[in-house]
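# Remarks on the overall topology
The chain contents come next:
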Amino acid sequence: MSKQLSLGKISVSNPKVWVVIGVTVAGIVILAETRRRRLRARKVEREDLGAFIERFELLPFPQPLPPAARHLLSGLTFAVKDIFDVKDCVTGFGNPDWKRTHEAAGKTAVVVTALLKNGATCVGKTVMDEFAFGITGENVHYGTPTNPRMPSHIPGGSSSGSAVAVAAGFVDFALGTDTIGCVRTPASFCGILGCRPSHGVVATIGVLPNSQSLDTIGWFARDPSILHRVGHILLQLNQVEPRRTRCFIIADDLFQLSKVPKQKSIQVITRVTENLSGYQPPRHVNFGQYVAANVPSLRGFREESMTLQDGISTLKALSSVMFLLQRYEFKTNHGEWVKAVKPRLASDVADHVNAAVDATHENVKTLYKVRTEMRAALRSLLKDDGILVVPTVADPPMKLNSKKGLSAEFHDRAFALLSIASMSGCCQVTIPFGKHDGCPISVSFLAFHGADKFLLDTVLDTYSSLQEQVSLVSHSSPVPDTNGHMDASELLKEKGNAAFKGRQWNKAVSYYSEAIKLSEINATYYCNRAAAYLELGCFREAEEDCSKAISLDKKNVKAYLRRGTARESLVLYKDALQDFKHALVLEPQNKVANQAEKRLRKMIS
C-alpha cells in the first residue's frame, strides 16, 4: 500500500483539495480586508462627525496673473448642503428615495460656481434633514451629525451637516438653505455665525426648492471676516458704501420667550454702543405688539386666549401662516412625486410631508398678504439705521434621540422667533453669545430687506467687541442685596401698590424691588412685583418672582395663578396647567384657575 498523508477522510495529495484551500484562504483574506475597510470608513465617519454625505474636490478657477489681485476667497475651503446641484452628482435632498429616482445634475448650482470662481475649494456635500423640513438636524437614513459643542445634543437643522463641518473646523465656511430657520437654528446650537440674507437676493438656480417664498441660501462661518467675504461674493455687493449711524432696537418681549438672559444681552449691547463710534443708544420695543398693530391680515389667524398677551398670540399666528405657506408651496413643487413614489420617511418628516400633500388651501392670497405687510412693517420700524436684536431661538438644543421629540412648547417658542425673518424676507445674522447653563446661546441682528451689506458690515464692526463684553459680563458678579427694617419695606410696598393702581407699572416694579432689598423673605413683595411684570409683558421675570414667592409661602394662591399666567404666555403649557391645578387644590372654587385648567387641557390635547 502506498503511504499517503490524510486530513480526516480527505487526501491532501489530491489537487482539488489545494484548490479548495486556496479559495478558502483567499476568501478569508478578502473578508478581513473588507472588514478593515469598513472599520476605516467608520473611523473616517467618526473623524468628520458624520457631517458629510459625500466627499469630493472641486478645484477653484485659476488665479488671475499679477499684478491683478488674488481672488477674494483664495485658500478657503467650503462644503455644500445636499440640496445644491453639483455637476455629475445626484442631489439627494436628504432622502434615499429622492436620490434613487433622480438623475445626476447636468450643471453646478450658480452660487457654488461663483465661490469656485473666487478662489474657494469645495470638498463635499453635507447631511441635511429630509426635504429641508425640521430644525433638529436629525436624519434616520444618513445619521445625525454630531454637534461639536454638545455631542449628546442635536446640532439643529435642516442644514446640520454644514453647521457641524464649520463648527468642527473641517471647512472655513459652508452653504446651507434657510426656509423656516434652517441656517439660524444650527448656527445657534453649534455656536457659530450664520447668515440668512434678504429673500430673493441670492440666485437659487440649481438649488432644490422647499418653499420658494421662504427659501434663502445662507452660509456659516467661525470668523466674521469670512462671513463678510462670502457675503460680498454671493450678494454681489459694492466694496464701498457711505458709513451710516446705527441704532440697535432690542425686542424686550421676545427675550421673555428665551432662556437667553435678557439683562446680559442688553448690558453687552449697551457697552458696545458706548465703546464704538457711530452707534446711538439702544432703543426698546415690544415687537409682538408692534406686529399686531401693523400687520392687520394676521388677525384672522390669531387664537383667542384669556392670558396670552396680544403680542405673543400675534407671533404664534405669524408662525402658523408661515407653515401654511410652506405646505402650499411644497405641495405645488413636489406633491406629485410624493404621491407617485411614496418615499420612506422618518415619522416626524412624514407628518410634515403628509400635512403638506393633504392640505387644501382656500386662503392663499391672505398668506401672501401677510408676508407683504410684514416686510412693510419691518421697513417702517427699522428705517435706514435700525438693527433689531432678538434671541435666535428660545431653548437650548434638546438631547439626541429624544423619545418625546420636539415638544409643542419648544416648537411654538422657536418658530415665534424664526418666523420674523422668514415672513418678512429681512436679512438676519446669528451671533454666538457664549454659554448659559453649559449650552451655546446666541442673539440675532436683523436689518430691513435689502440692507444685507449694512448688516454684514455691522457684524464685522462689532463682533470682537461683542465677544469681549460677553466674556466680561459672564464672569462679573451680581450686586449683593441689602437688608433693612420691615417698616421701611412695608412703606415701599404700599407705594408700589399705589403705582400699580395708577397703571404705572415700571414705577411699581421699582418700589417692590426696593422693598425686596430690605426684606428678602416676604412672599407678598415678590408676588406683587410679578403682577407688575405681567402687565409689562415681562413673563420670565414674573415666573421667577412667583417661584420665589411659592418657595417662601407654599399656600400663596395668587403666586400660582400669576406663575401659571406667565408660563402660558411663555408657551409652557404643561407647567402652567400644573400651577392652575395647584391653585384649585388650595381654592377649589377659583373661577380663573378653573377656566385656565379647561383651556390648557384642550391646548395640550
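Everything here concerns the structure above.
We now turn to the structure provided with this report. (Residues numbered from 1 in each chain as written. Predicted model: local features only at pLDDT ≥ 70, side-chain atom pairs only at ≥ 80, totals over all residues. Heavy atoms only, no water.)

## Here's the deal with the overall build of the chain
Which entries qualify depends on this criterion: Only runs of H or I of at least four residues qualify as helices and only runs of E of at least two qualify as strands under DSSP, and these elements are numbered from the N terminus. Any residue under 20% of the maximum accessible area for its type is buried, any over 50% is exposed, and the rest in between are partly exposed; the area is computed with a 1.4 Å probe on protein chains only. The contact criterion used is simple: two residues touch if any of their non-hydrogen atoms lie within 4.5 Å. Computed by Shrake-Rupley with a 1.4 Å probe, the accessible areas treat only the displayed protein chains as cover when residues are assessed.
Of the regular secondary structure elements, the chain holds 21 helices and 13 strands. Looking at the chain residue by residue over its 605 residues, the buried ones come to 54%. In the chain, the proportion of contacts linking residues at least 24 apart, taken out of those at least 6 apart, comes to 73%. When the accessible surface of the chain is summed, it comes to about 27,700 Å², and 54% of that surface belongs to carbon and sulfur atoms.

## Describing unusual backbone geometry
Pro67 follows Pro66 through a cis peptide bond whose omega is 10°. Within the secondary structure layout, Pro67 lies in the loop between strand E3 (52-58) and strand E4 (77-81). Positive phi outside glycine occurs at Asp88, with the angle close to 75°. Position of Asp88 among the secondary structure elements: in the loop between E4 and helix H2 (96-100). Given the relative accessible area of 62%, Asp88 is considered exposed. Phi is positive for Asp437, close to 55°, though the residue is something other than glycine. Mapped onto the elements of the fold, Asp437 is located in the loop between strand E12 (427-436) and strand E13 (439-447). Relative accessible area serves as the criterion here: at 70%, Asp437 is assigned to the exposed category.

## Some words on the packing of helix H19 (residues 557-569) against helix H20 (residues 573-586)
Inclusion rule: With axes taken as lines fitted to C-alpha atoms, and helix axes fitted only over the stretch in contact, angles between N-to-C directions fall between 0 and 180 degrees. The scheme is simple: roughly parallel for angles under 35 degrees, roughly antiparallel for over 145, roughly perpendicular for 65 to 115, oblique for anything else. Two helices crossing with the near one rotated counterclockwise from the far one by less than a right angle form a left-handed crossing, whereas a clockwise rotation gives a right-handed crossing.
At their nearest, the axes of H19 and H20 sit 8 Å apart, and the two run at 160° to each other. Classed by the angle they form, the pair H19 and H20 counts as roughly antiparallel. In this structure, H19 meets H20 at a crossing whose hand is left-handed. Each of Val557, Tyr560, Leu561, Arg563, Gly564, Thr565, Arg567 and Glu568 in H19 lies in contact with H20, whose residues at this interface are Tyr573, Asp575, Ala576, Asp579, Phe580, His582, Ala583 and Leu586.

## Here we look at the pattern of salt bridges
Put simply, the rule reads: One speaks of a salt bridge when a side-chain nitrogen belonging to Lys or Arg is within 4 Å of a carboxyl oxygen belonging to Asp or Glu.
Counting across every chain of the model gives 19 salt bridges. Between Lys517 and Glu514 there is a salt bridge, and its shortest N-O distance comes to 3.7 Å. In this pair, Lys517 and Glu514 both sit in helix H16 (residues 505-518), three residues apart, roughly one turn of the helix. Connected through shared salt-bridge partners, Arg540, Glu543, Arg563, Arg567 and Asp579 make up one network.

## Some remarks on the sheet that holds strand E9 (residues 247-251)
Here is the rule we go by: Whether two strands pair comes down to DSSP finding at least two bridges between them.
The strand order E3-E5-E4-E6-E8-E7-E12-E13-E11-E9-E10 describes an open sheet built from eleven strands, whose pairing is mixed. With partners counted over all chains shown, the strands left at the sheet margins are E3 and strand E10 (283-285), one partner each. Neighbour-to-neighbour, the strand axes of the sheet open up by a mean angle of 25°, direction not taken into account. Summarising the sheet, strand E11 (residues 386-391) and E13 pair through four bridges and their orientation is antiparallel. Bridging across to E13, Val390 finds its partner in Ser444. Across the face of the sheet, helix H6 (residues 224-235) comes into contact with strand E6 (173-178), strand E7 (193-196), strand E8 (216-221) and E12 while running at roughly 155° to E8. Relative to the sheet, helix H14 (residues 452-475) contacts E7, E8, E9, E11, E12 and E13, its axis offset from that of E12 by approximately 10°.

## Some remarks on H16
We count it as follows: To estimate how far a helix should extend, the number of its residues minus one is multiplied by 1.5 Å. It is the directions from the helix axis to the C-beta atoms that the arc portrays.
Helix length check: H16 (14 residues) gives 20 Å between terminal C-alpha atoms against 20 Å at 1.5 Å per residue, within 8%. Of all the positions in H16, only Trp505, Ala508, Val509, Tyr512, Ser513, Ala515 and Ile516 are classed as buried. Taken down its axis, H16 places every buried residue within 160° of arc, on the same side.

## Overview of the state of the cysteines
Selection criterion: What counts as a disulfide here is a pair of cysteine sulfur atoms lying within 2.5 Å.
This structure, assessed with the given rule, holds zero disulfides. In this structure Cys546 is a free cysteine whose sulfur lies 5.4 Å from that of Cys527, the closest cysteine sulfur available.

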